[in-house]
Amino acid sequence: MDYNEQSSTNGYDAGWQHIDNGINGYTEYSDLTGGFESGNAVHTTMSRLKSLMYETVIARSFLFMVVALLITAFSAYTAPLYLLKWLLSGYYNIYILFGGELAVVLISNWAIAKNNTILTACLFTVYSYLNGATIGIILLAYTGTSVAAVFLMCSGMFAVMAVIGLVTQKDLSSMGNLMLMGLIGIIIAGLVNIFLLHSSGMDLLISVIGILIFVGLTAYDTQKIKESVRYATTDNINTLALAGAFELYLDFINLFLKLLRLFGKKK
């Protein structure tokens, strides 16, 4: 999912620009009047502050993602049988479940736009738990050994692409847009295959393309978190980190499910 951080953070960007303009003007004045060292001191302080915010947003994004994955793992281990029993108790329950997850995502977008950290964190926790219960039902069809192997494979691929997203100097925006269009394409193709084609070959192709898409999105979303730091203030660091963690979490989960579909061994 793609959060529209630009619309919700223009104020922060303008704030940073105002500060930078003021610093630049003060530095020029200092140079004209004999080169006061205070101008350099202000620049140094602001540079250190931005560096600290950068490290904080990046670190907390990955920390929150790991916490969400732990919640998902706990839910997948404890909740699937109860959820399955509930789903089988009424045909409409499946729609309630997916409708609830969609509502959580939409409200999360609103909470992030409003910089409501507590609500965003609560919704992220709820979504992680619900998602874990749903994934737990899927995992019942696979052997524990293959699930563990796929998880390690997914973790390694995710880590490599996240590092690439952090260190690369190349703008990945065009690749990210292409990946998002591809994501829409495989969702549509998947629905057509489920309801019309029922083709195992198409299912295999969708899984392979999906792996490539989520590998690319991991690098793109990581770079986007790095870029979001320019909108950071002391008031919205945690919200930005949660927004980034949400996207990384979705990348990891979807990559895991595609790999499981391709390499998992069924019971």
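Quick notes on the rules
Residues numbered from 1 in each chain as written. Predicted model: local features only at pLDDT ≥ 70, side-chain atom pairs only at ≥ 80, totals over all residues. Heavy atoms only, no water. Salt bridge = Lys/Arg side-chain N within 4 Å of Asp/Glu carboxyl O. Helix = DSSP H or I, 4+ residues; strand = E, 2+ residues; numbered from the N terminus. Buried < 20%, exposed > 50% of the residue type's maximum accessible area, 1.4 Å probe, protein only. Patch = residues over 30% accessible without salt bridge, like charges linked within 9 Å, V, L, I, M, F, W, Y side chains within 5 Å. Areas by Shrake-Rupley, 256 points an atom, 1.4 Å probe, with all protein chains shown as cover. Expected span 1.5 Å × (residues − 1). Polar contact = N/O pair within 3.5 Å; in protein donor to acceptor, adjacent residues only side chain to side chain. Phe/Tyr/Trp six-rings, centres within 6.5 Å; stacked < 30°, edge-to-face > 60°. Axes fitted to C-alpha atoms, helices over the stretch in contact; angles between N-to-C directions. Parallel < 35°, antiparallel > 145°, perpendicular 65-115°, else oblique. Left-handed = near helix turned anticlockwise from the far one by under 90°. Contact = heavy atoms within 4.5 Å. Nonpolar A, V, L, I, M, F, W, Y, C, P; charged D, E, K, R; others polar. pLDDT = per-residue confidence, 0-100. Lys, Arg positive; Asp, Glu negative; His and termini not counted. 1 Å grid on protein atoms, 1.4 Å probe; cavity = no way out; pocket = protein on both sides within 12 Å on 5 of 7 lines; lining within 4 Å. Points joined across faces, edges and corners; volume = space filled by probe spheres on them.

A. Up close: the pattern of salt bridges. In total, this model carries three salt bridges according to the counting rule given. When the shortest N-O distance is used, the salt bridge between aspartate 221 and lysine 224 registers 3.9 Å. Taken together, the residues span about one helical turn, with aspartate 221 and lysine 224 both in helix α8 (residues 200-228) at a distance of three residues. Given a relative accessible area of 4%, aspartate 221 falls into the buried group. Put simply, glutamate 247 and lysine 224 hold a salt bridge, and the shortest N to O gap is 3.2 Å. Here glutamate 247 is found in helix α9 (residues 237-263), whereas its partner lysine 224 is found in helix α8, with 23 residues between them in sequence.

B. Fine view of a nonpolar patch on the surface. A grouping of Ile184, Ile187, Ile188, Leu191, Val192, Ile194, Phe195, Leu196 and Leu197 is seen on the molecular surface, where their side chains present a nonpolar patch of about 920 Å² in accessible area. By the element assignment, isoleucine 188 lies in helix α7 (residues 173-197).

C. Up close: α8. Taking 1.5 Å as the rise per residue, α8 with 29 residues should run 42 Å; its terminal C-alpha atoms sit 41 Å apart, in good agreement. At the N-terminal end of α8, a side-chain oxygen is found 3.4 Å from the backbone nitrogen of glycine 201, two or three residues along, and the residue is serine 199.

D. Up close: α9. For α9, which comprises 27 residues, the first-to-last C-alpha distance of 38 Å matches the rise-based estimate of 39 Å (1.5 Å per residue) to within 8%. Within α9, 20 of the 27 residues are buried, leaving the element largely enclosed by the surrounding structure.

E. Here's a closer look at the packing of aromatic side chains. Enumeration according to the criterion identifies eight aromatic pairs in this entry. Their ring planes at 55° and their centres at 5.4 Å tell us that tyrosine 127 and phenylalanine 246 sit as a pair that is tilted. One end of the pair, tyrosine 127, is in helix α5 (residues 117-139); the other, phenylalanine 246, is in helix α9, with 119 residues separating them in the sequence. Residue tyrosine 127 is classed as buried on the basis of its relative accessible area of 9%. Classification of phenylalanine 246 by relative accessible area gives buried; the value is 0%. An aromatic cluster of three or more residues is present, and its members are Phe124, Tyr127, Phe246 and Tyr249.

F. The environment of glycine 165, seen in detail. Along the chain, glycine 165 falls in helix α6 (residues 144-167). Sequence spacing of glycine 165 and isoleucine 225 is 60 residues, and the spatial spacing of their C-alpha atoms is 9.3 Å.

G. Quick look at the environment of alanine 232. Checked against the element boundaries, alanine 232 lands in the loop between α8 and α9. Given a relative accessible area of 0%, alanine 232 falls into the buried group. Taking C-alpha positions, alanine 232 is 6.9 Å from methionine 53, a pair spaced 179 residues apart along the chain.

H. Structural view of the packing of helix α4 (residues 93-113) against α5. Contact geometry for α4 and α5: axes closest at 9 Å, N-to-C directions at 155°. Judged by the inter-axis angle, α4 sits roughly antiparallel to α5. The two elements α4 and α5 cross, and the hand of that crossing is left-handed. In this structure, α4 uses Leu97, Glu101, Val104, Val105, Ile107, Ser108, Trp110, Ala111 and Ile112 to contact α5, whose residues at the interface are Leu119, Thr120, Leu123, Val126, Tyr127, Leu130, Asn131 and Thr134. In terms of residue class, the contact of α4 with α5 is built from 12 nonpolar, four polar and one charged.

I. Just the confidence of the model for the protein chain, in detail. Looking at the protein chain, the pLDDT average stands at 85 and 83% of residues meet or exceed 70. Of the regions scoring below 50 in pLDDT, residues 1-36 engages in 44 contacts with residues more than four places distant in sequence or in other chains.

J. Just the side chain of aspartate 251, in detail. Relative to the helices and strands, aspartate 251 is located in helix α9. There is no salt bridge for the buried aspartate 251, and the closest opposite charge comes from lysine 224, which lies 8.2 Å off by N-O distance.

K. View of the layout of surface pockets. Estimated volume of the largest pocket: approximately 1700 Å³. Along its surface, the largest pocket is lined by 42 residues, and Phe98, Ile187, Asn254, Leu257 and Lys258 are the ones closest to its centre. Of all the secondary-structure elements, those providing two or more residues to the lining of the largest pocket are α4, α5, α7, α8 and α9. Taken together, the residues of the lining of the largest pocket sort by class into 25 nonpolar, eight polar and nine charged.

L. Region of interest: the packing of α7 against α8. The contact between α7 and α8 brings their axes to 9 Å, and the two run at 155°. In this view, α7 runs roughly antiparallel relative to α8, as classed from their interaxial angle. Along this stretch, α7 crosses α8, giving a crossing that reads as left-handed. Residue composition of the contact of α7 with α8, grouped by class: 16 nonpolar, nine polar and one charged.

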